Amino acid sequence: MSARLTIALAAALSLAHLTVVASKTPTLDYEFFKAKVEPIFLKKREGHTRCYVCHEESNNAFRLEKLQAGAAFWTEEQSRKNFDTVSALVVPGDPANSRLLLQPLAPEAGGNTFHSGGRQFATKNDPDWKTLAQWVTRGSEQKE
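Residues numbered from 1 in each chain as written. Predicted model: local features only at pLDDT ≥ 70, side-chain atom pairs only at ≥ 80, totals over all residues. Heavy atoms only, no water.

## Quick notes on the overall build of the chain
Here is step 1 of the chain: A count of helices and strands for the chain gives 6 helices and 0 strands.
Here is step 2 of the chain: Along its sequence from the N terminus, the chain presents helices and strands in the succession α-α-α-α-α-α.
Here is step 3 of the chain: The 144 residues of the chain split such that 37% are buried.
Here is step 4 of the chain: The contacts of the chain with a sequence gap of at least 6 include a subset with a gap of at least 24, amounting to 50%. (Helix = DSSP H or I, 4+ residues; strand = E, 2+ residues; numbered from the N terminus. Buried < 20%, exposed > 50% of the residue type's maximum accessible area, 1.4 Å probe, protein only. Contact = heavy atoms within 4.5 Å.)

## Topic: helix α4 (residues 76-87)
Here is step 1 of the chain: Given a rise of 1.5 Å per residue, 12 residues ought to cover 16 Å, and the 16 Å separating the end C-alpha atoms of α4 matches this to within 8%.
Here is step 2 of the chain: Taken residue by residue, α4 has Gln78, Ser79, Asn82, Phe83, Val86 and Ser87 as its buried positions. Projection of α4 onto a plane perpendicular to its axis shows the buried side chains occupying an angular sector of 160 degrees, all on one side. Residues of α4 that are exposed and point more than 90 degrees away from the buried face comprise Glu77 and Asp84. (Expected span 1.5 Å × (residues − 1). Arc of directions from axis to C-beta.)

## Notes on the packing of aromatic side chains
Here is step 1 of the chain: This structure, assessed with the given rule, holds 8 aromatic pairs.
Here is step 2 of the chain: Pairing Tyr52 with Trp74 gives two aromatic rings, centres 5.9 Å apart and planes at 70 degrees, and the pair type is edge-to-face. Placement of the pair is Tyr52 in helix α3 (residues 51-55) and Trp74 in the loop between α3 and α4, with a sequence separation of 22 residues.
Here is step 3 of the chain: We classify Trp74 as buried; its relative accessible area is 5%.
Here is step 4 of the chain: Aromatic side chains Phe73 and Trp74 sit 5.4 Å apart centroid to centroid with 70 degrees between the ring planes, which places their arrangement in the edge-to-face category.
Here is step 5 of the chain: Through successive ring pairs, a cluster of aromatic residues spans Tyr30, Phe33, Phe41, Phe62, Phe83 and Trp135. (Phe/Tyr/Trp six-rings, centres within 6.5 Å; stacked < 30°, edge-to-face > 60°.)

## Re the side chain of Ser87
Here is step 1 of the chain: Positionally, Ser87 belongs in helix α4.
Here is step 2 of the chain: Filtering out sequence-adjacent residues up to four positions away, Ser87 remains in contact with Leu28 and Trp135.

## Remarks on the pattern of salt bridges
Charged atoms that come close allow side chains of opposite charge to pair.
Here is step 1 of the chain: What the rule picks out here adds up to 8 salt bridges.
Here is step 2 of the chain: For Asp128, the salt bridge is made with Arg45, and the minimal N-O distance between the two is 2.7 Å. With Asp128 in helix α6 (residues 127-138) and Arg45 in the loop between α2 (30-42) and α3, this pair connects stretches of sequence that are 83 residues apart. The pair Asp128 / Arg45 is uniform in exposure class, with both members buried.
Here is step 3 of the chain: With its nearest N and O atoms 3.9 Å apart, the salt bridge here joins Lys66 to Glu56. Residue Lys66 is located in the loop between α3 and α4, and its partner Glu56 is located in the loop between α3 and α4; the two are separated by 10 residues in the primary sequence. (Salt bridge = Lys/Arg side-chain N within 4 Å of Asp/Glu carboxyl O.)

Structure follows, in structure tokens:
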């Protein structure tokens, strides 16, 4: 076999492998985010401040859009911006390495040691933590 043919065959196989890997990598679902994840950021949890209070226009990686005066939820444009921001804090398909899930989780449950907002989730059994994990884990497969 000629060297050129060998190189071309190797390149084609590499490209085919990348295509298979890319097709198996979950993508994050915007509609699920908007319907199920964003409400968690506005939810008052007993003993805690809402995520939104500290992360509204914050100067850290988890920066949520400021709600318009009198609004109970974000506009479509704001939700898209929140999706982009929050998506950068997760590894699609891998909640164990996603900062969005580790920062607010108690260290004894596998969370990061420091989170100035306290421990929003004492365990991974919290329904809201599970919702976040579902969004990260299942990607576009989770449409209902």
